[in-house]
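Chain residues, written in single-letter form:
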Amino acid sequence: MSHQPTPPREASIHSAVKWSLARREWLAGSVSAAALVAAAGSTPLTPRVAFGQTPKRGGTLTLRLWDPPHWDPYLIIAFKTQIPYTFTHSRLLKHRAGPAIQPGTFPLEGDLAESWSQSDEKTYVFKLRRGVRFHPKPPVNGRELTAEDVVYSVERFRTLAGNPQAYMLGAVDRVEALDRYTVKFTVKEPFAWFLDMLANPMTLAIVARECVEKFGDLKKAEATVGTGPWMFESYRPNVGYTLIRNPNYFLAGLPYIDRIEAVVDEDNASRLAAFLAGKYDLGWEFPGSINQTDWIQLKDQLPRRRPNLQKTEFPTNVATKIIVRTDKAPFSEARVRRAMSHAVNRQGIIDAVAEGVGVVNAAVPAALREWALPVDQLGDGSRYYKFDPVEARRLLADAGYPRGFSTVMDFHTFGSTLLVDAMQLILKDLKSVGIDVKLNQKEYGAFISSTAVGNYEGIYYGPATPFLDPDSYLYTSFYPGHPRNIGKINDPVLTDLLVRQRRLQDPAKRRQVIHDIQRLVASQQYFMEIFSVVLNFVWDGALRNYGPNLGYDYGGRLLSAWLDR
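Residues numbered from 1 in each chain as written. Predicted model: local features only at pLDDT ≥ 70, side-chain atom pairs only at ≥ 80, totals over all residues. Heavy atoms only, no water.

**Let's talk about the pairing of strand β2 (residues 60-65)**
Across the 6 residues that make up β2, a large majority, 5, are buried. Examined bridge by bridge, β2 and strand β11 (residues 259-264) share 6 bridges and lie parallel to one another. The partner of L63 across the bridge, within β11, is A262. (Buried < 20%, exposed > 50% of the residue type's maximum accessible area, 1.4 Å probe, protein only. Helix = DSSP H or I, 4+ residues; strand = E, 2+ residues; numbered from the N terminus. Pairing = 2+ DSSP bridges.)

**Quick word on helix α4 (residues 147-159)**
Between its terminal C-alpha atoms α4 stretches 18 Å, which fits the 18 Å expected from 13 residues at 1.5 Å a residue. For α4, the full list of buried residues reads A147, D149, V150, V151, Y152, S153, V154, R156 and F157. Packed against the buried residues of α4 are β6 (123-128), β7 (172-179), β8 (182-187) and α6 (209-215). (Expected span 1.5 Å × (residues − 1). Contact = heavy atoms within 4.5 Å.)

**Observations regarding the pairing of strand β17 (residues 435-441)**
For strand β16 (residues 405-411) and β17, the ladder comprises 7 bridges, and the chain directions are parallel. The residue bridging M409 from the neighbouring strand is L439, located in β17. A crossover links β16 with its parallel partner β17, the connecting element being helix α13 (residues 417-432), and its sense is right-handed. (Right-handed = clockwise from strand over helix to strand, strands pointing away.)

**Some thoughts on the packing of aromatic side chains**
If you walk through the whole model with that rule in mind, you get 26 aromatic pairs. Ring centres 6.1 Å apart and planes at 85° place the aromatic pair Y256 and W562 in the edge-to-face group. On the criterion of sequence distance, the pair formed by Y256 in the loop between β10 (240-245) and β11 and W562 in strand β21 (residues 562-563) is long-range, its members being 306 residues apart. Neither Y256 nor W562 differs from the other in exposure class; each is buried. Geometrically, the ring pair formed by F478 and F527 is tilted, given 5.0 Å between the ring centres and 40° between the ring planes. Of the two residues, F478 sits in helix α15 (residues 471-478) while F527 sits in strand β19 (residues 527-539), which places them 49 residues apart along the sequence. (Phe/Tyr/Trp six-rings, centres within 6.5 Å; stacked < 30°, edge-to-face > 60°.)

**Focus: the nonpolar core**
F185 and Y461 are the most contacted members of the largest nonpolar core, which totals 157 residues. Excluding its chain neighbours within four sequence positions, the residues that come into contact with F185 are L92, K122, T123, Y124, F126, V150, V154, V172, R174, V175, F194 and L198. (Core = buried A, V, L, I, M, F, W, Y, C linked by side-chain atoms within 4.5 Å.)

**Focus: the environment of Y473**
Examined against the element boundaries, Y473 turns out to sit in helix α15. Between the alpha carbons of Y473 and N485 there is a distance of 10.0 Å; along the sequence they are 12 residues apart. Sequence-distant contacts of Y473, defined by excluding residues within four places in its chain, comprise N317, A363, P365, L368, A464, T465, P466, F467 and F478. In terms of polar contacts, Y473 uses its side chain to reach the backbone carbonyl oxygen of N317, at 2.8 Å. (Polar contact = N/O pair within 3.5 Å; in protein donor to acceptor, adjacent residues only side chain to side chain.)

**Observations regarding the sheet that holds β11**
Across the sheet, 4 strands lie side by side as β2-β11-β10-β9; this open sheet has mixed pairing. Bordering the open sheet on either side are β2 and β9 (230-236), each of which pairs with just one other strand. Direction aside, neighbouring strands of the sheet carry axes that sit 20° apart on average. (Axes fitted to C-alpha atoms, helices over the stretch in contact; angles between N-to-C directions.)

**Some points on empty space enclosed by the protein**
If you walk through the whole model with that rule in mind, you get 8 cavities of 30 Å³ or more. The volume enclosed by the largest cavity comes to roughly 940 Å³. If you go around the largest cavity, you meet 41 residues; those closest to its centre are V318, F414, P463, A464 and P466. When residues of the lining of the largest cavity are traced back to their parent elements, those giving at least two are β14 (320-324), α13, α14 (444-449), β18 (459-463), α15 and β19. By residue number, the principal contributor to the lining of the largest cavity is β19, which donates 5 residues. (1 Å grid on protein atoms, 1.4 Å probe; cavity = no way out; pocket = protein on both sides within 12 Å on 5 of 7 lines; lining within 4 Å. Points joined across faces, edges and corners; volume = space filled by probe spheres on them.)

**Here's the deal with unusual backbone geometry**
In the segment running from L254 into P255, the intervening peptide bond is cis, with an omega of -10°. With respect to the helices and strands, the residue P255 is situated in the loop between β10 and β11. Look at the link from F286 to P287: it is a cis peptide, with omega at -15°. Here P287 lies in the loop between α7 (268-276) and β12 (289-290). Backbone geometry at N141 places phi at a positive 60°, although glycine is not the residue there. Mapped onto the secondary structure, N141 falls in the loop between β6 and α4. Residue class for N141 comes out exposed when judged on its relative accessible area of 53%. Despite not being glycine, K488 shows a phi value in the positive range, around 60°. Position of K488 among the secondary structure elements: in the loop between α15 and α16 (492-503).

**Comments concerning helix α3 (residues 79-88)**
A large share of α3 lies buried, amounting to 10 of its 10 residues. Along α3, the positions that sit buried rather than exposed are F79, K80, T81, Q82, I83, P84, Y85, T86, F87 and T88. Tucked inside the fold, the buried residues of α3 contact β2, β9, β10, β11, α14 and α18 (554-558).

As structure tokens, then:
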């Protein structure tokens, strides 16, 4: 099958979608989390088109982002590094963006690839755009990108010692430059998610060999030289960084916005005040949102302070969960895991920390509306989501722990008061059934290098990486020996299902297997899924042709947007 790039979409201005009716009913307890997601998916974007208006070039967009631990996206899993690369670098494929795209869906289109074809289940050929040039900065100095750059980037990604995400291209057997503008991939076995991996903004930013050779790696800010729509201009550690428009970007006329100012601010009161004052053009939390508690605090001031603010809301794919070491007692015992799940009052946590607005997930977050299975469809596993401390204590006694047990929880705040508040309630719930948990709070660098790769004592509570495909929530979390299988899970029946869904090219058949996986995982409670918040995505009314969505791709969502001010 052959794929051609989508022609440039006409820019149009869309008003925000508000799911107020579904949200009010849900807050009243009459609509399930799944129903809210369904309502979100079925609500059309209502256009507010200003006929005859054309995009405006220029202006500065200001965002609250984060200070990267370092700048090499192949040597870290941190969103703080991956996000700026969506402005400065390109990938072979990307996810289509804009106000016409339904949040929680991720259709593919070409980025560096002009077209691509799949001759059989294991062979993919990509035709590159001609005339794509790296930024006119040393050491690359604006030279043309070729197929050899793609081959170099793939091989560096796959083989670089210390790349925690190398597994994302683990299916690749060979990558070859057939000529200056043609790249051929051969995968080891059929892998239905291969194109999604290439489009994922945390995977394959195409980098220049010269940058790696000059600096030894890409950790220094000045090594951030790509082919993306904006160029790196300056970096002020712990303060922010500036990106400027790439005048030679390969899509003629894009981007429209001249300058991106990324501000680092780790104080929530300061961020809220700055937003009210009009400093930030998007919500200050990932990925351009404001949490419910802060939203309630400031919403009454917005008609006066920011009257043109646009807003929509939908669930995040950042699913918080309790992960346990299933390779060690007591967590190797399913009754213990089920008891822990019964002990946690999910709705109580949502009410206390998220103003009553949240969704309870299966193993695939409800936000991925095309693949997620509602909790009430999880079969036998559904019952373990019920808050039932009496049953929790009974299961612990049956498992040989009538007096409970002690363990350690690894935790990092991610700068979120909501996460901290939920963690404290979870500790309280567990203690009420006899599970005494000592908190081991880690700073970000220590967390990324230890807990996030499976080195922890007992349990971990926190957010999962916001992937955009179900395979990254399932295969990577549950396949034996996988570096992201930090629960150390080894279930032969589950393993067979994980492999099977990867080989099914038919999406409908693959979806059925993915549903079976979610039912099995729920019955075993390998993870205790807690909840995902429903985010308020907000943006300044002057930002036109912008459509919010999930994931790291800030640059992609802003590529065709412009500022009407």
